[in-house]
Amino acid sequence: MNEIEQTGLATMRDCWITGGTSFDLAPAAWKDIAAGANPDERERRLLAIAAQALEIALRPAAPKTLKRRPPLPELALPMLPERLRPLLRAALKQAADARSKSRVVAVVASRGFVLHPMDWMPAASDQTSPDVYAPWIDWQAGVDGEKHTSREQLTSQNWDEFYPAARRTALADMRRTAPAVARQLIETRGSTEPAEVRLALIALMHFGLGPDDVPFLKSLSTDRSGKVRELAGRLLARLGQHGQPGDGGPEDPISELAAFIAEGKSGFIRRRTTYTPAKLKSPAQERRRAELFETCNLVDLAARFGVTESDFIGAWQFGADNNVDILVARMVAASGSDAAVTHMADTLVAEGGKPALFVLHLMPRLDSRRQRVLIRVILKDTQYLGALSLAEGVEAGWLDWADLTNGKTLPALRTAVAGNDDAVKRGVDQLLETLGFLATAEAAEKLIGDVVAAGMAPAAPSLALLRLNASLAGP
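Just so we're clear, the structure is a prediction, and the values are computed from it rather than from any experiment.

Cut-offs used in this document
Residues numbered from 1 in each chain as written. Predicted model: local features only at pLDDT ≥ 70, side-chain atom pairs only at ≥ 80, totals over all residues. Heavy atoms only, no water. Helix = DSSP H or I, 4+ residues; strand = E, 2+ residues; numbered from the N terminus. Rg over C-alpha atoms; globule rule 2.2 N^0.38 Å. Buried < 20%, exposed > 50% of the residue type's maximum accessible area, 1.4 Å probe, protein only. Contact = heavy atoms within 4.5 Å. Areas by Shrake-Rupley, 256 points an atom, 1.4 Å probe, with all protein chains shown as cover. Lys, Arg positive; Asp, Glu negative; His and termini not counted. Charge placed at Lys NZ, Arg CZ, Asp CG, Glu CD. Core = buried A, V, L, I, M, F, W, Y, C linked by side-chain atoms within 4.5 Å. Phe/Tyr/Trp six-rings, centres within 6.5 Å; stacked < 30°, edge-to-face > 60°. Expected span 1.5 Å × (residues − 1). Polar contact = N/O pair within 3.5 Å; in protein donor to acceptor, adjacent residues only side chain to side chain.

A. Representation of the overall build of the protein chain in the model. For the protein chain, the count of helices and strands is 23 helices and two strands. Taken over C-alpha atoms, the radius of gyration comes to 31 Å for the protein chain, far larger than the 23 Å a tight globule of 475 residues would show. Along the first, second and third principal axes, the C-alpha set of the protein chain runs to 115 × 60 × 55 Å. By the burial criterion, 42% of the 475 residues in the protein chain qualify as buried. Here the analysis covers contacts within the protein chain between residues at least 6 apart in sequence; of these, 61% occur between residues at least 24 apart. Surface accessibility of the protein chain: about 25300 Å² in total, with carbon and sulfur atoms responsible for 53%. Looking at charge distribution, the protein chain has the averaged site of its 57 positive side-chain charges lying 3 Å from that of its 58 negative ones.

Written as structure tokens, this is what we have:
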């Protein structure tokens, strides 16, 4: 159908819409078909022809930019059984954001399954999904479809045959088993990659980070990307390597940050050094202090006061200013040595209460044992349950029923469910989602029964992840 015919058809349609007849407006060929009938039948015949024309002749054509994609790669784990997909879709629907959805995906992966692509697909920029989804991430990114994801060992020769996500996964695995080989690959092939890719590759060096990495990381001090230089500096700081020495003057960042910290003494008999946030005069100074905590390294700051990292952390007076405490925790997580991170975590967990919550900022640097200890500490005391949602990098599906019954969490949940406070109920929904991620299948099933007995509707959407978790107990 040409443009003139399309315009004529539009005129006929307008005529019908206004209640008129369109026989005189129809193309000659259409008139021949309808001419032998009475006026009403003629209009019906023309309408039928027009409908056929719209269905056949005006069917949208695929744009010329449309390209045929390669088949979706098969993943290493089996697909979630069909009978469980409704529970999965309910859990994904209840998940409010990408972070919550990634937790649903993590729970399923922890039980040995992957999701159906019609239920969920990782984005091309996704870097938080389980490693098993790397082929799909690359499929999303590989619009041209010219490369293929290799299952072979990553080498300098086949570097270009790997898509970025598969390459990152291979390098991360290699850093855990053969860190020197992975470092050499990053050094020889990563240098030609764009800055954002280089940054992601250098970040992988936190796996298996050791003294042998120091020469390469120091060589990045001349990298053309400021973000790469900053990341390399923080990795070096984790190894106890100091940054470029400053002049000690007011323009030196370490000296400037130290000026925002008050050094004092405590104790009547055995005097010991303490560090507390200095009282500032303006919001601008507070912003500047926050910037310096984000850019300076712990080892350099501790050296500025003439102490070790652990001595500085041990002397810091947590509780004087929560905002600054968080900045200190983030600086330790970003640039502290492994020993400093574990020292801070163990000290604060032993202290308990609110100071223990600052350990949440160290979670990605902690081993799974310490992560579990902290979460169990929080669950024992209901005062800070809301903070559990902040935990990052925690494994899914390990929290036992005994962990929930060994404290005040369960009685508090029952009381909140039975109450009428809407704000408290929203907090319950958030906690149930977090517990749905952390719990074992057995604990999830028992928790559902417990809160339903307390008054929650069995079909409540907030139980969606717990129901999915419980259903993944076995075949």
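From this point, the discussion proceeds with the structure in view.
B. Spotlight on the nonpolar core. Core analysis: the largest hydrophobic core is formed by 96 residues, its most contacted members being Tyr133, Phe293, Leu301, Phe312, Leu362, Leu432 and Leu447. Here this core takes seven residues from helix α16 (residues 322-335), the largest share from any one element. Each residue touching Leu362, except ones within four places of it in the same chain, is listed here: Ala329, Val332, Ala333, Val341, Met344 and Ala345. Counting residues in hydrophobic clusters, the runner-up holds 23 residues, among them Leu154, Phe162, Leu217 and Leu236.

C. The packing of aromatic side chains, seen in detail. Considering all chains together, one arrives at seven aromatic pairs under this definition. Where Phe305 meets Phe312, the ring centres are 5.9 Å apart and the plane angle is 25°; that geometry is what we call stacked. A residue is classified by how much of its surface remains accessible, and Phe305, at 14% relative accessible area, is buried. A relative accessible area of 0% places Phe312 in the buried class.

D. Main features of helix α18 (residues 368-380). The end-to-end C-alpha distance of α18 is 18 Å, a good match for the 18 Å that 13 residues give at a rise of 1.5 Å each. Every buried residue of α18 is listed here: Arg370, Gln371, Leu374, Ile375, Ile378 and Leu379. Those residues of α18 hidden inside the fold are in contact with α17 (338-351), α19 (401-405), α20 (409-418) and α21 (422-438). Two or three places before Arg369, at the opening of α18, Asp367 has a side-chain oxygen 3.2 Å from that residue's backbone nitrogen.

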